[in-house]
Amino acid sequence: MPKSHIKRGDQVVVIAGSHKGKEGKILEILAPKSRARVEGVAMMKRHLKKSQEHPQGTIAEREGSIHISNLMLKSVHEAGKRSKTAAATA
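Residues numbered from 1 in each chain as written. Predicted model: local features only at pLDDT ≥ 70, side-chain atom pairs only at ≥ 80, totals over all residues. Heavy atoms only, no water.

Undergrad: Would you explain the sheet that holds strand β7 (residues 71–73) in this entry?
TA: Think of a sheet as strands paired side by side through backbone hydrogen bonds, with each pair either parallel or antiparallel. With antiparallel pairing, five strands are arranged side by side in an open sheet as β6-β3-β2-β1-β7. Whereas interior strands pair on both sides, the edge strands pair on one side only; in this sheet they are β6 (65–67) and β7. Averaged over neighbouring strand pairs, the angle between their axes works out to 55 degrees when direction is ignored. The strands touched by helix α1 (residues 74–89) within the sheet are β1 (11–14), β2 (23–30) and β7, with β7 carrying the most contacts at an inclination of about 80 degrees. (Pairing = 2+ DSSP bridges. Helix = DSSP H or I, 4+ residues; strand = E, 2+ residues; numbered from the N terminus. Axes fitted to C-alpha atoms, helices over the stretch in contact; angles between N-to-C directions. Contact = heavy atoms within 4.5 Å.)

Written as structure tokens, this is what we have:
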């Protein structure tokens, strides 16, 4: 299992893929697959069977996983933006 540049609880920005530009907090790291679940990003619908908790059954939304290489710490992303704008104005 290689070491990751992010950990649970970090604020991250998606830098590539269909969710590019979205931000959120890391909820869970799936180390064997090098993926992470990010709060509010890559939402998917899950159909749940009838049960005592959901007598009619339900469609629940939850976060899907995103590959770790498509994520960047928000602080690093913001610092990169600032240095680019400073160089452009100088």
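Anyway, onward from the coordinates.
Undergrad: Looking at this structure, how should I read the side chain of E63?
TA: Tracing the sequence through the fold places E63 in strand β5 (residues 58–63). It is R37 that comes nearest to the buried, bridge-free E63 among opposite-charge side chains, at 6.9 Å. A polar side-chain atom of E63 sits 3.2 Å from the main-chain amide nitrogen of G40. Each residue touching E63, except ones within four places of it in the same chain, is listed here: L27, R37, V38, E39, G40, V41, A42, M43 and M44. (Buried < 20%, exposed > 50% of the residue type's maximum accessible area, 1.4 Å probe, protein only. Lys, Arg positive; Asp, Glu negative; His and termini not counted. Salt bridge = Lys/Arg side-chain N within 4 Å of Asp/Glu carboxyl O. Polar contact = N/O pair within 3.5 Å; in protein donor to acceptor, adjacent residues only side chain to side chain.)

Undergrad: What exactly am I supposed to notice about the nonpolar core here?
TA: Judged by nonpolar contacts, I6, V12, V14, I26, A36, V38, V41, A42, I66, I68 and L71 together constitute the single largest core of 11 residues. Looking at this core, the elements with two or more residues in it are β1 and β3 (35–38). Setting aside its immediate chain neighbours within four residues, V41 contacts V14, H19, K22, E23, E63, G64 and I66. (Core = buried A, V, L, I, M, F, W, Y, C linked by side-chain atoms within 4.5 Å.)

Undergrad: Is there a simple way to explain the pattern of salt bridges in this structure?
TA: Inspection of every chain in the model, using the stated rule, returns four salt bridges. K74 is the salt-bridge partner of E23, the closest N and O atoms lying 3.0 Å from each other. In this pair, E23 is assigned in strand β2 and K74 in helix α1, connecting sequence segments 51 residues apart. For K74, a relative accessible area of 28% gives the class partly exposed. Measuring nitrogen to oxygen at the nearest pair gives 2.8 Å for the salt bridge that ties R37 to E28.

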